[in-house]
Amino acid sequence: MKILRTGQSLRKCLMGFSAALCGLSVAAADREFFVAPEGDDVNNDGLSWATATSLTNGFAKANAAVYNELHLQAGTYLPSKCLTATKMMTIVGGLAGEGDEPDAVTGRSVIDAQGAYGTIFSNGTSPGNYAYGFFTYLENLDLRHATAQAVSYATTYGSFRAINCRFAGNRGSRSGSNGIHQGARGLSYSGYNGGNMRCELYDCEFVDNGSLAGSDLTLMWSGCGCSISYGTAVLENCLFASNGLASADMPTSSGNEGMTGHAISSSAKILATGCRFVRNRGTTGWNNKWPGAAGGATVYSTASGNVFDRCIFVANENVYGGSVRGTLGTLTVTANTTVRNCTFAYNLVDGGAAAGGLTVNGGTAAVTNSIFYGNAVGSGATVGADIHVEADARAKITFTLFGGDAETYVTTVDPSLLTLKDCVFGDARLVTDSASFCKGARVSGEVPKVVWTTPCGEIRSAYNLHLCGGSGFYDEATDEKVTACRRKGNSPAIDAGDPAVKCVEPQPNGNRVNLGAYGNTPWATMSPGGLVLFVQ
């Protein structure tokens, strides 16, 4: 789901030419180097598009000066080994590299490890050109087929920012020891413990990262899409899809499986806006060091203030394979977290103590203006399909829709830990309804408790989580008005949000926000039409 974002303007601003205008701390370039897929390292110096060099040679040149920018022509690059940065730098890809506008963005530059080695980009732990608040900056890159992390950024100093980058098909097999495996395959960011480091991801995609088919899962896999440690993680309009287990894999029954954070594992504070977590898949077994797994995002953080705003969690799956079932669901938090205008739909979690939607294992979760619908747990589960609150946690839930009665869908070990106010229970009437979704998931039984098959089938990829009814909605991809779903009746999530929130939805909007990820956006389902009087 695209979002409206302020503060992001021209690429030049983000690259430091006008940093003062947008409040960013990106260093001004000491020198620019130009790289092309067919760059000439023998005759060219890389100081212009006309004299572009190879990626490997350009990277070496960028390491030699103070703060440098690498400009990559669009195309495919096949470096034969990891590119290690000893300095903080800016790398911008997808550029035309020729013609009247050689710096025009034409797409992304593909950097493909071809499954031949571990990491594509890595950095030194203490960049030689560090200045407080500066970022290593990547834009318009497509990083593919690494067997370890596509990007590994471990630093005592310096933050990291990526814009319009794609991390795809980075999968590897077993490694690690003593039951612990830091298995990030897309991005691994580790800031300074106690520092104010930031990892910022805008309009990025993490797709199909994780374990290879048939891999030994007796070690923990952590953050298959993205693993972030310390500081603050800012995620805007990012997609996390099909990360974790390979699609055909089922875990064994050894009891040691663990895959914590199929999409994200984080010990940093997460501020996520407009992100989508789709079809991420892993185990709900129990590792001998760390418990369970989470389908969408797992937040292991002692920092307060995690926020998920206007995010979608759909068709994430946790398959059970251990002798002891795990305690982590689709989104699991252990620290203070706000969930605002989010939609959790059709997530499948086969864990005895984990909800299909949100599991609160610590801290206080404040949930408002959200939708939990069509989520399912295993037939032997003793917890709710939508939300479960553990003994060391609390949840305050307001203006939120659940798929059924509170006793079945929202549970806690102690009623004093859970507050429900102004909530709605029943059919959310989403465009993709429960019957349509279940046709694509190989499970038996009825929601909220189902039985997994072996091997587990592919969950359908097509989904539409707009609300039916009202006066229709504008599609976020085409901006065309959609009214066909009105015949299904009005969703009870229309105009059901907190009346204290200023409503900026398209008219007619009932002067009250909708529930779910599209609530209070230009793509919200409009209120049922009626007579409008204009008074002068």
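Below is a summary of the structure that appears in this document.

The rules behind these values
- Residues numbered from 1 in each chain as written.
- Predicted model: local features only at pLDDT ≥ 70, side-chain atom pairs only at ≥ 80, totals over all residues.
- Heavy atoms only, no water.
- Helix = DSSP H or I, 4+ residues; strand = E, 2+ residues; numbered from the N terminus.
- Buried < 20%, exposed > 50% of the residue type's maximum accessible area, 1.4 Å probe, protein only.
- Arc of directions from axis to C-beta.
- Pairing = 2+ DSSP bridges.
- Salt bridge = Lys/Arg side-chain N within 4 Å of Asp/Glu carboxyl O.
- Polar contact = N/O pair within 3.5 Å; in protein donor to acceptor, adjacent residues only side chain to side chain.
- Contact = heavy atoms within 4.5 Å.

**Re unusual backbone geometry**
Working step 1: Residue Pro 508 follows Gln 507 across a cis peptide bond; omega there is -5°.
Working step 2: Within the element layout of this structure, Pro 508 appears in the segment after strand E48 (481-482).
Working step 3: If you check the backbone angles, Asp 203 has positive phi at about 55° while not being a glycine.
Working step 4: If you trace the backbone, Asp 203 turns up in the loop between strand E15 (198-202) and strand E16 (205-207).
Working step 5: Given a relative accessible area of 22%, Asp 203 falls into the partly exposed group.

**Some remarks on helix H3 (residues 55-64)**
Working step 1: Buried residues of H3: Leu 55, Gly 58, Phe 59, Ala 62 and Asn 63, and no others. Seen end-on, H3 carries its buried residues on one side only, within an arc spanning 140°.

**A look at the sheet that holds strand E6 (residues 109-112)**
Working step 1: Sheet architecture is open: 12 strands sit in the order E3-E6-E9-E12-E16-E21-E25-E29-E33-E37-E41-E44, paired in parallel fashion. Lying at the two open borders of the sheet, with one neighbouring strand each, are strand E3 (75-77) and strand E44 (424-425).
Working step 2: Looking at chain direction, E6 and strand E9 (residues 141-144) are connected through 4 bridges and run parallel. Considered in E9, the bridge of Ile 111 is made with Leu 143.

**Brief notes about the pattern of salt bridges**
Proximity of charged atoms lets side chains of opposite charge pair with each other.
Working step 1: Applying the stated criterion across every chain yields a total of 8 salt bridges.
Working step 2: A salt bridge links Glu 317 to Arg 281; its shortest N-O distance comes to 3.0 Å. Here Glu 317, found in strand E30 (residues 317-319), pairs with Arg 281, found in strand E26 (residues 281-283); they are 36 residues apart in sequence, far enough to count as distant. Residues Glu 317 and Arg 281 agree in their burial class; the two are buried.
Working step 3: Of the charged contacts in the structure, one is a salt bridge between Arg 340 and Asp 309, with a shortest N-O distance of 3.7 Å. On the criterion of sequence distance, the pair formed by Arg 340 in strand E32 (residues 337-340) and Asp 309 in strand E28 (residues 306-309) is long-range, its members being 31 residues apart.
Working step 4: Assessed through its relative accessible area of 33%, Arg 340 is described here as partly exposed.
Working step 5: Linked through salt bridges whose partners overlap, the residues forming this network are Arg 108, Arg 166 and Glu 205.

**Some thoughts on the side chain of Ser 491**
Working step 1: Mapped onto the elements of the fold, Ser 491 is located in the segment after E48.
Working step 2: A distance of 3.1 Å separates a polar side-chain atom of Ser 491 from the backbone nitrogen of Ala 493.
Working step 3: Those residues within four positions of Ser 491 in sequence are excluded, and the remaining contacts are Ala 428, Arg 429, Leu 467 and Cys 468.

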